[in-house]
Amino acid sequence: MAGGYSLWEIFLFVALVVAALVVDLLAHRQDKAISVSNAAAWSVFWIALSLGFALYIGMMHGRDHGMLFLTGYFLEKSLSVDNLFVFIAIFASFSIQAHHQHRILYYGILGAVVMRLIFVGLGSSVIFLFGKGALFVFGIFVLWTAWKMWRQDKSAAPEMENYNDHWSVRMTSKILPVYPKLDGHNFFTRQNGVLCATPLFLCLVTVELADVMFAFDSVPAIFSIFAGLEQPLLPAEQTFLVYTSNIFAILGLRSLYFLLAAANRFLCHLETAIIAILVFVGVKMLAGVGGFLHLSAEVNLAIVLGLLLAGIVASYVFPKKDHCSLPPQE
């Protein structure tokens, strides 16, 4: 029992998540870019699944529990918008093409499910394991990537063939064998009898670290919504609602990422907006480490969506024939 939640309800949650992830994996077995229609359909699916689970909680445990789940769900969605743009930055840094991105994000989500369980089980962030210095370094990485995106040609970057000079390979090869080329969609490859990590695995690790960094803020924020309740929940009930709302929110982020990535292929000024958002995210992280700035979830979301909307509007008002095109009919 998790407070008022039975083992059956814990099993129901696990079964829903596992079944949906298996279906997702089977539906995207091939290495190809995710289409707009596919990303939109999966976004609707994850939202519907989350709302259905919220409805079940409300019916079985009362309206207050259902509303707390939805509050945590939408708060995590809002706080995790930054993740989408950082994922774009990470893939740009590794020159990972669209046909490999779903596989990386899929397994990144699996890792996030485990990491969030650890975070929520502790009842707070595990920032004490890493220290604020980790946030500072990650903020610098985001700003550095924004600068690289600004300098590079606006056309699609070619897939990198050799990663010998890539920063991740230089760093990682000091502690474990790394093969400096992609081997299909494999995370590991065997070379001369030695099992080696590929650049795809290094990108996956970076995506996972990005989720850890953002969990520092989002997990404690969701716990804060349970403070000061007229009828306080049992610790086990609180943990159940925090974890389930958190997981349903991050499961749907992957589909939203591909909607954003698809839009970036058709809107010529959206990349400039994404660079501006990355600068905002990086500065916000550095300022947060120094204690100079703390933005509410509402203000953070408003700034990100405002910059995104500006890029979309500019693409239609000031189109570039060589870069802007309408999405193909599907």
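Higher on the page you've got the structure.
Residues numbered from 1 in each chain as written. Predicted model: local features only at pLDDT ≥ 70, side-chain atom pairs only at ≥ 80, totals over all residues. Heavy atoms only, no water.

On to the environment of Val-137. Its location among the elements puts Val-137 in helix 7 (residues 132-151). Taking the C-alpha atoms as reference points, Val-137 and Gly-282, 145 residues apart in sequence, are found 9.8 Å from one another. (Helix = DSSP H or I, 4+ residues; strand = E, 2+ residues; numbered from the N terminus.)

Attention shifts here to the packing of aromatic side chains. Counted by the stated rule, this structure contains 21 aromatic pairs. Note on Phe-13 and Phe-53: the rings are 6.0 Å apart at their centroids and 55 degrees apart in plane angle, and the pair reads as tilted. Residue Phe-13 is located in helix 1 (residues 7-27), and its partner Phe-53 is located in helix 2 (residues 36-61); the two are separated by 40 residues in the primary sequence. This pair shows no difference in class: Phe-13 is buried, exactly as Phe-53 is. Aromatic side chains Phe-53 and Phe-248 sit 5.1 Å apart centroid to centroid with 45 degrees between the ring planes, which places their arrangement in the tilted category. Within this pair, whereas Phe-53 is found in helix 2, its partner Phe-248 is found in helix 10 (residues 235-266), the two being separated by 195 residues in sequence. On the basis of relative accessible area, Phe-53 is assigned to the buried category, the value being 4%. Among the aromatic residues, those joined into a ring-pair cluster are Tyr-5, Phe-13, Phe-53, Tyr-56, Phe-69, Tyr-73, Phe-74, Phe-240, Tyr-243 and Phe-248. (Phe/Tyr/Trp six-rings, centres within 6.5 Å; stacked < 30°, edge-to-face > 60°. Buried < 20%, exposed > 50% of the residue type's maximum accessible area, 1.4 Å probe, protein only.)

A word on the packing of helix 2 against helix 3 (residues 63-79). Their axes nearest at 6 Å, the elements helix 2 and helix 3 cross at an angle of 155 degrees. Viewed along their axes, helix 2 and helix 3 adopt a mutual orientation that is roughly antiparallel. Seen along the crossing, helix 2 lies across helix 3 with a hand that is right-handed. Residue-level inspection shows Trp-46, Ile-47, Ser-50, Leu-51, Phe-53, Ala-54, Ile-57, Gly-58 and His-61 of helix 2 in contact with helix 3, the latter providing Arg-63, His-65, Gly-66, Phe-69, Leu-70 and Tyr-73. Within the contact of helix 2 with helix 3, the residues separate by chemical class into nine nonpolar, five polar and one charged. (Axes fitted to C-alpha atoms, helices over the stretch in contact; angles between N-to-C directions. Parallel < 35°, antiparallel > 145°, perpendicular 65-115°, else oblique. Left-handed = near helix turned anticlockwise from the far one by under 90°. Contact = heavy atoms within 4.5 Å. Nonpolar A, V, L, I, M, F, W, Y, C, P; charged D, E, K, R; others polar.)

Among the nonpolar cores identified, the biggest contains 82 residues, and Phe-85, Ile-104, Tyr-257 and Leu-278 are the most heavily contacted of them. The element contributing the most residues to this core is helix 10, with 14 residues. Residues contacting Leu-278, with those up to four places away along its chain left out, are Phe-85, Val-86, Ala-89, Val-142, Leu-143, Ala-146 and Met-149. (Core = buried A, V, L, I, M, F, W, Y, C linked by side-chain atoms within 4.5 Å.)

Turning next to the pairing of strand 2 (residues 194-197). As defined by bridge partners, strand 1 (residues 188-191) adjoins strand 2 across four bridges and the pair is classed as antiparallel. Among the inter-strand pairings, Arg-190 is bridged to a residue of strand 2, identified as Leu-195. Counting the residues in the hairpin turn of strand 1 and strand 2 gives two residues, including Asn-192, whose phi is positive at 55 degrees. (Pairing = 2+ DSSP bridges.)

The end-to-end C-alpha separation of helix 1 is 30 Å, in line with the 30 Å expected for 21 residues at 1.5 Å each. When we look at burial in helix 1, the residues that qualify are Glu-9, Phe-13, Val-17, Ala-20, Leu-21 and Asp-24. The buried side chains of helix 1 occupy one side of the element, clustering within an arc of 105 degrees when seen end-on. Opposite the buried face of helix 1, at more than 90 degrees from it, the exposed residues are Leu-7, Trp-8 and Phe-11. (Expected span 1.5 Å × (residues − 1). Arc of directions from axis to C-beta.)

Within the secondary structure, Ser-315 is located in helix 12 (residues 297-317). There is a polar contact of 2.8 Å between the side chain of Ser-315 and the backbone oxygen of Gly-311. (Polar contact = N/O pair within 3.5 Å; in protein donor to acceptor, adjacent residues only side chain to side chain.)

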